[in-house]
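# Remarks on the overall topology
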Amino acid sequence: MLMAVNAQLLNLCVVVAYLLVIVGVGGYFAFKRKTADRFMVANRSIPGWAIGLSMFGSYISSISFLANPASSFAGNWLWAAFTLVTPIGLWLGATVFVRHYRRCGAVSAYSHLESRFGPWARAYAVFTFLVIQMARMGTILFLLSQAVLALLGGDPAHDLGLARTIIIVVGLLMTFYTLFGGIEAVVWTGVVQSIVLLAGPLICLAALLLKTPGGMGAIMAVGIEHDKFSFGPYDWSVAAPTFWLVAVTSILGHVQGWATDQSYIQRYISARSDKEAARSVWIAGLLYMPAACFFWFIGTALFAFYQAWPQRLPADTPPDAVFPHFIAQELWPGLSGLVIAAIFAASMDSNLNSMATLTLVDGYKRYLRPRAGDRESLGVLYLATLFWGLASIGYGLGMTLKGATTTIEFSARVGGLLGGGILGMVLLGMLWRRVTSGIAATATVLGVLTILWVTLSRWGLWPEAWSAYVSPIHEIAAGLVGTMVIVGVGLGLAALRAAVQRRRPADMPQQSAPAPAVPTREANEAV
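How each quantity is defined
Residues numbered from 1 in each chain as written. Predicted model: local features only at pLDDT ≥ 70, side-chain atom pairs only at ≥ 80, totals over all residues. Heavy atoms only, no water. Helix = DSSP H or I, 4+ residues; strand = E, 2+ residues; numbered from the N terminus. Buried < 20%, exposed > 50% of the residue type's maximum accessible area, 1.4 Å probe, protein only. Contact = heavy atoms within 4.5 Å. Areas by Shrake-Rupley, 256 points an atom, 1.4 Å probe, with all protein chains shown as cover. Polar contact = N/O pair within 3.5 Å; in protein donor to acceptor, adjacent residues only side chain to side chain. Patch = residues over 30% accessible without salt bridge, like charges linked within 9 Å, V, L, I, M, F, W, Y side chains within 5 Å. Salt bridge = Lys/Arg side-chain N within 4 Å of Asp/Glu carboxyl O. Phe/Tyr/Trp six-rings, centres within 6.5 Å; stacked < 30°, edge-to-face > 60°. Core = buried A, V, L, I, M, F, W, Y, C linked by side-chain atoms within 4.5 Å. Arc of directions from axis to C-beta. Lys, Arg positive; Asp, Glu negative; His and termini not counted. Charge placed at Lys NZ, Arg CZ, Asp CG, Glu CD. Axes fitted to C-alpha atoms, helices over the stretch in contact; angles between N-to-C directions. Parallel < 35°, antiparallel > 145°, perpendicular 65-115°, else oblique. Nonpolar A, V, L, I, M, F, W, Y, C, P; charged D, E, K, R; others polar.

Below, the discussion takes up the overall build of the protein. A count of helices and strands for the protein gives 20 helices and zero strands. Buried residues in the protein amount to 54% of all 527 residues. Within the protein, residue pairs in contact and separated by at least 24 positions form 84% of the contacts whose partners lie at least 6 positions apart. Total accessible area on the protein stands at roughly 22200 Å², and carbon and sulfur atoms take up 68% of it.

Here it is in structure tokens:
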């Protein structure tokens, strides 16, 4: 008993030491003189390698660290299709979107939408991003609580009070280091976090290989026997998750990240040059791919381990809690604390800075105080950071009630519901100048209605009388379908409008233009 207490104490000491380092790094930037521009983009002075490591931490997050092993433990490698298509997103991000947003010169990723389509487009994009990021950060806090709960000897299925306490404490800690440090604290703590979180999966993988009877050979044999390494099903159905459906929707997810995610865009805007910004994108993605494969393999290895030792896993353990249970019960004292610290590293990458930036630039300054001074702007940034931090904590608390649905599937559903419209608008704005504000608004409304139909009718939130109109498309493809509707309708209406304008002069009767009553300078010059 005493040894168990000492082991928990050692693990907690490792975690606390890591948190002190993070708070110290964040606190260092709190003592630097702040301006609003420095808080948001660090005067565009951060090296590309640091931004790349920071964005790598965003790519991983506790969603990858805990939800991916849970998914491959409960099923197979189907969702790893997201990892396989990563290079497509990296190429588009580095060659197209980095150049586009750095040329725009604005801190907000969505200000150009107003100049392109009007205030409604900018307001819709900002609102959607803020809600998506609140949900993402709340999900990350929830997953972290499951890991820390296991470290403390709690039961994720029953100790909801302790899980909620962890969500609140960690959420406040993340909020305050972002609040005082700004974008510099976000990037440089991200560098530290990236180094720590790389150690976590390597330690876990080594432990699984050593503790599973038969080692790697047994893991491979069990995985093959139970079809754990499959990416299937491989059919072309759109009614359920298949490899092709997940792959295509994942391409959309990568593109959406580099094209519409303020937290990524704001970081590569902070780079010293276009070349450094593009390099940061490649660093983030190329680090992510092997790290993500480790997480998928860990889920399969966990399945093989508990096949060999079924008595070591409580029967009612949900998939999201299996990996934390292994970390707490099977790793050696100190190392389990280091892995929990790595999960903290994956969880404490904050998007609060980008959310506060949008609140100031696209909300406060756009509608209330366009000429707000630097001190006033900083005050708004601080208040917005605090508000969105508390909102994310609230979402994380709500996640404790989601039941047995795996977090990766739950997140895919929420992301599809909320995120489909922004990318469609951005692509419309970039593809053809003839797309007008009215056309874009019509296309966006139709796209969002399509997303709502696909998602809500598949979730069972559909009237019984409308059962014949349930979507045949799985809800994870809602964002993809919505984007296709927006782009297709927008380009189609623009082409139709252009065709009508071309035919109109030939169809209309010829009329002589009336002479101007007063000669103008242009008329005189023409003469």
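Here the narrative resumes, following the displayed structure.
Here the bond from G232 into P233 is cis, since omega is 10 degrees, no more than 30 degrees from zero. You can see P233 is positioned in the loop between α9 (215-225) and α10 (243-260). Positive phi, normally seen in glycine, also occurs at D227, with a value near 60 degrees. Looking at where D227 falls in the secondary structure, it is placed in the loop between α9 and α10. Overall, D227 belongs to the partly exposed group, its relative accessible area being 49%.

Once that is clear, we can look at the side chain of S471. Note that S471 resides in the loop between α18 (437-458) and α19 (478-507). Taking the relative accessible area as the measure of exposure, S471 reaches 2% and is therefore buried. Side-chain polar atoms of S471 contact the backbone nitrogen of I473, separated by 3.0 Å. Not counting residues within four places of it along the chain, the set of residues in contact with S471 comprises W453, V454, S457 and R458.

In this section: a nonpolar patch on the surface. Together, I168, L172, F176, F180, L386 and L390 make up a nonpolar patch on the protein surface, roughly 480 Å² of accessible area in all. Looking at the nonpolar patch, the elements with two or more residues in it are α8 (160-211) and α16 (374-399). It is α8 that provides the largest number of residues to the nonpolar patch, a total of four residues. Mapped onto the secondary structure, F180 falls in helix α8. A relative accessible area of 45% places F180 in the partly exposed class.

Looking now at the environment of S72. One can find S72 in helix α3 (residues 48-74). When the C-alpha atoms of S72 and F297 are compared, they prove to be 7.6 Å apart, with 225 residues separating the residues in sequence. Once residues within four sequence positions are removed from consideration, S72 is found in contact with W77, K228, F295, W296, G299 and T300. A polar atom in the side chain of S72 sits 2.9 Å from the backbone oxygen of W296.

Evaluated as defined, the whole model comprises 14 aromatic pairs. Aromatic side chains F229 and F297 sit 6.3 Å apart centroid to centroid with 25 degrees between the ring planes, which places their arrangement in the stacked category. Taken together, the residues F229 in the loop between α9 and α10 and F297 in helix α12 (residues 274-308) connect sequence positions 68 residues apart. Using a relative accessible area of 22% as the deciding quantity, one classes F229 as partly exposed. Residue class for F297 comes out buried when judged on its relative accessible area of 11%. A ring pair is formed by F231 and F243, whose centres lie 6.1 Å apart and whose planes are at 80 degrees; its orientation type is edge-to-face. Highlighted residues: F231 in the loop between α9 and α10 and F243 in helix α10, separated in sequence by twelve residues.

So, about the environment of A50. Tracing the backbone through its elements, the reader meets A50 in helix α3. With relative accessibility at 0%, the residue A50 sits in the buried group. Considered as a pair, A50 and S280 are 230 residues apart in the sequence and their alpha carbons are 7.6 Å apart. Those residues within four positions of A50 in sequence are excluded, and the remaining contacts are V187, W188 and V191.

Turning our eyes to something else, we now look at the nonpolar core. Ranked by internal contacts, the top residues of the largest apolar core, which has 146 residues, are M40, F65, Y110, W258, Y268, L302 and F344. When sequence neighbours within four positions are dropped, the list of residues in contact with Y268 reads I51, F97, V98, Y101, R102, W258, A277, S280 and V281.

This part takes up α9. Burial in α9 covers these residues: G215, A218, I219, V222 and G223. The arc that holds every buried residue of α9, seen down its axis, measures 130 degrees, which confines them to one face. Turned more than 90 degrees off the buried face of α9, the exposed positions are I224 and E225. Directly after α9, the chain includes D227, whose backbone phi takes a positive value near 60 degrees.

With that settled, the discussion passes to a positive patch on the surface. The grouping of R434, R497, R502 and R503 at the surface amounts to a positive patch. Its place among the elements puts R502 in helix α19. Classification of R502 by relative accessible area gives exposed; the value is 60%.

Take the packing of α9 against α12 next. Between two packed helices, both the angle of their axes relative to each other and the distance between the axes serve to describe the pair. Between α9 and α12, the least distance of the axes is 9 Å, while the angle of their chain directions is 95 degrees. Here α9 lies roughly perpendicular to α12, going by the angle between them. For the pair α9 and α12, contact is made by M216, I219, M220, V222 and G223 and by F297, T300, A301, F303, A304 and Q307, respectively. Grouping the amino acids of the contact of α9 with α12 by side-chain chemistry returns eight nonpolar, three polar and no charged.

This part is about the pattern of salt bridges. In total, this model carries nine salt bridges according to the counting rule given. Between E114 and R122 there is a salt bridge, with its nearest N and O atoms 2.7 Å apart. For R122, a relative accessible area of 10% corresponds to the buried category. For R279, the salt bridge identified is with E276, shortest N-O distance 2.6 Å. With R279 and E276 both in helix α12 and three residues apart, this pair spans about one turn of that helix. In this structure R279 comes out as partly exposed when scored by relative accessible area, which is 37%. Put simply, E114, R122, D362 and R366 are held in one network by salt bridges that share partners.

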